[in-house]
Amino acid sequence: MKNLLAAIFIFIILFTACSKKESPGFGAEQEVKISYDTTAVDSFSTGAVSVDIARKIRMSSPQYIDSVKQAKKLQDEENKIKAELEKENKAKQEEEKKKAEAEKKLKTAEKTAAQETKSE
């Protein structure tokens, strides 16, 4: 009988201790909701890698290196073409200057010849 009373007593204590009633201390406080940015980022999505790291990865790729080499070659070719055009333009300008000077000399020679013939 003592064992039965002790078992009932322990059962009642456990039953009341494990009840769903909350203590007034926890119930009196208001719940504070904290909002976190918990958006999952997939390892293959755009936001998974920082911008600097993604830039380094792109710059180290063979395709990027090849495109840089190709761009450098094109720029060198453009510079060569520009240099050749400048040389041609300078040569043309010098020829034009020479022609203009020759024409001036001819005109001055003709004028002096004409003045000499008139004065005679």
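In this text the structure is predicted, and so the values were computed from the model without any measurement.

K.L.:
Would you mind going over the overall build of the protein with me for this structure?
P.N.:
In terms of helices and strands, the protein carries four helices and zero strands. In the protein, the succession of α and β elements from N to C terminus is α-α-α-α. Here the protein displays about 12,600 Å² of accessible surface, and carbon together with sulfur accounts for 58% of that area.

K.L.:
Looking at this structure, how should I read the confidence of the model for the protein?
P.N.:
Atomic detail in the predicted coordinates should be set aside for any region of low pLDDT. When the pLDDT values of the protein are averaged, the result is 80; 73% of them are 70 or greater. Within the protein, helix α4 (residues 62-119) carries the highest mean pLDDT (89), whereas helix α2 (residues 24-28) carries the lowest (53).

Reading the values: rules and limits
- Residues numbered from 1 in each chain as written.
- Predicted model: local features only at pLDDT ≥ 70, side-chain atom pairs only at ≥ 80, totals over all residues.
- Heavy atoms only, no water.
- Helix = DSSP H or I, 4+ residues; strand = E, 2+ residues; numbered from the N terminus.
- Areas by Shrake-Rupley, 256 points an atom, 1.4 Å probe, with all protein chains shown as cover.
- pLDDT = per-residue confidence, 0-100.

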